Amino acid sequence: MELDKMDENDWKYHGEGNKSLVVSHVQFSRVLRLLKYPAEDSENPPQTAEQAFRQIQNIVDFSSNVMSSLLGEKFIHSGEVVKLPLEFVRQLSIKVQHQRPAWRCDKVMDIYSGCALCLPNLTSPALHQPTHTPPLCIEIKPKCGFLPSSKHVSKDIKTKVCRFCMHQHYKVANGKWKRRSLYCPLDLFSGNRQRMHFAIRHLIEEPQNNFKIFKGGQCIYSSKEGSDDSLDLNSLLHHLRPYFMYGNNRINSHMTGKAVLNDFIQVLVNALLSGGGGDGGVVMDRQGEGRSFCEASHFNRERIRHGSQGLPSDSVLFRILQTQMLDTLDIEGLHPLYRRVEQHLQDFPKERTRLQIDGPYNEAFLEKLQKCPTEDDGSVEYAVAKVHQYRVAMTAKDCSIMVALVPSTEEEEDDEGLPSQRRHRDFLSSRPPAFSYSVSILDLDPKPFDSIPRQLRLDQRIVSCYLRTGGSLP
Ligand code: ATP
Ligand code: MG
Ligand code: ZN
Ligand code: MG
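Residues numbered from 1 in each chain as written. Chains lettered and ligands numbered in written order. Predicted model: local features only at pLDDT ≥ 70, side-chain atom pairs only at ≥ 80, totals over all residues. Heavy atoms only, no water.

Draft legend 1. Inspection of the pairing of strand S9 (residues 218–221) at higher detail. Bridge count between strand S8 (residues 211–215) and S9: three bridges; the pairing is antiparallel. Within S9, the residue paired with Phe214 across the bridge is Cys219. The hairpin turn running from S8 into S9, its antiparallel successor, is two residues long, and Gly216 in that turn takes a positive phi close to 55°. (Pairing = 2+ DSSP bridges. Helix = DSSP H or I, 4+ residues; strand = E, 2+ residues; numbered from the N terminus.)

Quick look at the structure:
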């Protein structure tokens, strides 16, 4: 990619979140992630080009020096900051505008700084030699997978119903979504295959912004917020069916939609429980499951047929959960420590740099949060370490997992070089099709220090809304 010869025709709209817009290259496996800001400020960018560059460099540093060491390097692609020609960015923003969902247009793409984050395109991986069947990529934004056990939690309900499930009531009450999702993160993070299956089924039913499917780099399934047309499950099945035809099904193309979906979910569960590619000595987190059951989950506990082994310690879910659990005090216990730091910074503004409040996100930052004393000694250092831990946990509660599934070719399936007749029989065998998978984590931006008071207010609003309306909504 030659930065001085950028052509907007080589790039197309790929997707966006709350903070950034992503375009993908039409030929190479690359994406550009550009910042967004509120449309009110469109004439008047909230930061200079240098500040935008710094912000993106901070994202790269945070991802590569902090999150990658906590989550496991094998899952992380931090990318690099690039400086793009302004004319290219302007043309690009015009080109993608009409493809953006209306409900995301309260923000505009940054066309002033020329800065972007360049990343590998995780939805069109070059895993193996190109096969005839394009890879399927599944993006899951799992959210927080545990119940707080901090003594600072003031409302009992928070120790029984998970944050995601409570937040769903709040979002429906405030018109953000029309229907509640019955996905519960505690089921996904349980390590119990039945509960995980149940969780993914509900992600498919009501994806909101927690679930997307890409085929050959194109998004083929996601929520259509704002529009009323119910999600096209039939169109999804149409896409998935060819990947899951085997044995007799392949001959008479007789496989129910339910069976296709079950196979698909099972492959996804396998990928989420795997070590993300390489295998090593796997330790199971056996206490895991008992620790977390959300009272709002619709999963019927009596249905559990097999006890859970918990999450394998090298699985992506385990690593994300461990990082989320660095939030040990809950926002209610953390907020007073935030105030301690804030007070200290008012008295000694220059300390902001030494305490690395806004970065740099380097090894020293990681060390500050890892070497935190277990007891509060009243120091500002303790408070800063807890705030850093909390911010890292927030990032882990907000990241996405990308699972890329590449169907194994028949040659790969029997690699002993057997005669073609045998190969043919295997081709029609009754065993489910094999996939090779790779698992990545994306969206690892640092959460700003001053977002903490907002977190406390939001927590209070969600809990009081749930206590008012909880369980009574359809
Ligand atoms: P959020 O609102 O979740 O915080 P965000 O604004 O921080 O989102 P991202 O989640 O990083 O933005 O990116 C938006 C979307 O773009 C993702 O949900 C994903 O579908 C797509 N995307 C981001 N990075 C990549 C990548 N490296 N490869 C492929 N697709 C990507
Ligand atoms: Mg995101
Ligand atoms: Zn829940
Ligand atoms: Mg994000």
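Following the structure, the description resumes.
Draft legend 2. Expanded view of unusual backbone geometry. The linkage connecting Gly359 with the following residue, Pro360, adopts the cis geometry, with an omega of 0°. Of note, Asp330 is a non-glycine position whose phi angle comes to about 70°, a positive value. Position of Asp330 among the secondary structure elements: in helix H11 (residues 330–347). Judged by relative accessible area, Asp330 falls into the buried class, the value being 8%. Despite not being glycine, Gln356 has its phi angle at roughly 55°, a positive value. (Buried < 20%, exposed > 50% of the residue type's maximum accessible area, 1.4 Å probe, protein only.)

Draft legend 3. Focus on the coordination of the magnesium ion (ligand 4). Within the first shell, the magnesium ion (ligand 4) binds the protein through Asp443 (OD) and Asp443 (OD), at distances of 2.2 to 2.5 Å. One can find Asp443 in the loop between strand S11 (435–442) and helix H17 (452–469). (Donors = N, O, S within 2.8 Å, 3.2 Å for Na, K, Ca; no water.)

Draft legend 4. Representation of the site of ligand 1 in the model. Every one of the 20 residues lining ligand 1 counts as a neighbour, but Asn18, Lys19, Ser20, Glu139 and Lys141 are closest to it. Note that an oxygen atom of ligand 1 is positioned 2.8 Å from one of the side-chain N or O atoms of Arg33. Within the backbone of Leu122, an N or O atom sits 2.9 Å from a nitrogen atom of ligand 1. The fraction of the free accessible surface of ligand 1 (620 Å²) that becomes covered by protein chains is 94%. Of all the secondary-structure elements, those providing two or more residues to the shell around ligand 1 are strand S1 (11–16), strand S2 (20–25), strand S3 (30–38), strand S6 (115–120) and S8. The class makeup of the residues in the shell around ligand 1 is seven nonpolar, six polar and seven charged. Counting only domains with at least three residues in the shell around ligand 1, you end up with domain 1 (3–120) and domain 2 (126–474). (Near = heavy atom within 4 Å. Polar contact = N/O pair within 3.5 Å; in protein donor to acceptor, adjacent residues only side chain to side chain. Areas by Shrake-Rupley, 256 points an atom, 1.4 Å probe, with all protein chains shown as cover. Nonpolar A, V, L, I, M, F, W, Y, C, P; charged D, E, K, R; others polar. Domains from an automatic or database assignment.)

Draft legend 5. Spatial organisation of the side chain of Thr395. Here Thr395 lies in helix H14 (residues 380–398). Classification of Thr395 as buried rests on a relative accessible area of 1%. Aside from chain neighbours lying at most four places away, what touches Thr395 is Phe62, Met67, Asp443, Leu444, Asp445, Pro446 and Lys447. (Contact = heavy atoms within 4.5 Å.)

Draft legend 6. Up close: a positive patch on the surface. There is a patch of like positive charges on the surface, built from Lys19, Arg454, Arg457 and Arg461. With respect to the helices and strands, Arg457 occurs in helix H17. (Patch = residues over 30% accessible without salt bridge, like charges linked within 9 Å, V, L, I, M, F, W, Y side chains within 5 Å. Salt bridge = Lys/Arg side-chain N within 4 Å of Asp/Glu carboxyl O. Lys, Arg positive; Asp, Glu negative; His and termini not counted. Charge placed at Lys NZ, Arg CZ, Asp CG, Glu CD.)

Draft legend 7. Representation of the coordination of the zinc ion (ligand 3) within the structure. Note on the zinc ion (ligand 3): its protein donors are Cys162 (SG), Cys165 (SG), Cys184 (SG) and Cys294 (SG). The metal-donor distances range over 2.3 to 2.4 Å. Of note is the zinc ion (ligand 3), whose four donor atoms meet at the metal with angles of 104 to 112° in an arrangement that counts as tetrahedral. Summarised as a motif, the one-chain spacing of the donors to the zinc ion (ligand 3) is C-x2-C-x18-C-x109-C. Of the two residues, Cys162 is situated in the loop between strand S7 (136–140) and helix H3 (163–173) and Cys294 in the loop between helix H9 (288–291) and helix H10 (316–324); the sequence distance between them amounts to 132 residues. (Tetrahedral: all angles 85-135°; square planar, octahedral: opposite > 155°, others 65-115°.)

Draft legend 8. How the structure looks around the environment of Ala393. Looking at the element boundaries, Ala393 is found in helix H14. Along the backbone, Ala393 and Gln324 are 69 residues apart, and their C-alpha atoms lie at a distance of 4.1 Å.

Draft legend 9. Looking closely at the packing of aromatic side chains. Scanning the model with the defined rule gives nine aromatic pairs in all. Geometrically, the ring pair formed by Phe164 and Tyr183 is edge-to-face, given 5.2 Å between the ring centres and 80° between the ring planes. Here the residue Phe164 occupies a position in helix H3, and Tyr183 occupies one in the loop between H3 and helix H4 (185–188), the gap between them amounting to 19 residues. Phe164 sits in the buried class, given a relative accessible area of 7%. On the basis of an interplanar angle of 40° and a centroid distance of 4.8 Å, the ring pair of Tyr338 and Phe449 is categorised as tilted. In this pair, Tyr338 sits in helix H11 while Phe449 sits in the loop between S11 and H17, placing the two residues 111 residues apart along the sequence. Note on accessibility: Tyr338 and Phe449 belong to one class, buried. It is Arg195 that lies over the ring of Phe293; its NZ or CZ is 4.0 Å from the centre. (Phe/Tyr/Trp six-rings, centres within 6.5 Å; stacked < 30°, edge-to-face > 60°. Lys NZ or Arg CZ within 6 Å of the ring centre and 35° of its normal.)

Draft legend 10. Structural view of the packing of helix H1 (residues 49–71) against H10. Where H1 meets H10, the axes come as close as 8 Å, and the angle between the chain directions of the two elements is 120°. One element, H1, and the other, H10, form an angle in the oblique class. In contact with Met67, Ser69, Leu70 and Leu71 of H1, H10 contributes Arg319, Ile320 and Thr323. When grouped by side-chain class, the residues that make up the contact of H1 with H10 number four nonpolar, two polar and one charged. (Axes fitted to C-alpha atoms, helices over the stretch in contact; angles between N-to-C directions. Parallel < 35°, antiparallel > 145°, perpendicular 65-115°, else oblique.)

Draft legend 11. Local environment of the environment of Trp177. With respect to the helices and strands, the residue Trp177 is situated in the loop between H3 and H4. Among the residues examined, Trp177 registers a relative accessible area of 6% and is labelled buried. A sequence separation of 31 residues divides Trp177 from Gln208, and the C-alpha atoms of the two residues are 7.8 Å apart. Within the local environment of Trp177, its side chain forms a polar contact with the side chain of Gln208, the two groups lying 3.4 Å apart.

Draft legend 12. Structural view of the nonpolar core. Counting residues in each nonpolar core, the largest one holds 76 residues, and the members touching the most others are Phe211, Phe264 and Leu272. Of all the elements, helix H8 (residues 257–273) adds the most residues to this core, at 10 residues. Counting contributing residues per domain, this core is built from domain 1 (3–120) and domain 2 (126–474), each supplying no fewer than three. Phe211 has contacts with Ile138, Glu139, Ile140, Leu203, Ile204, Tyr221, Ser222, Phe264 and Leu268, leaving out every residue within four places of it along the chain. Among the nonpolar cores identified, the runner-up in size contains 21 residues, and Val341, Val384, Ala385 and Ile452 belong to it. (Core = buried A, V, L, I, M, F, W, Y, C linked by side-chain atoms within 4.5 Å.)

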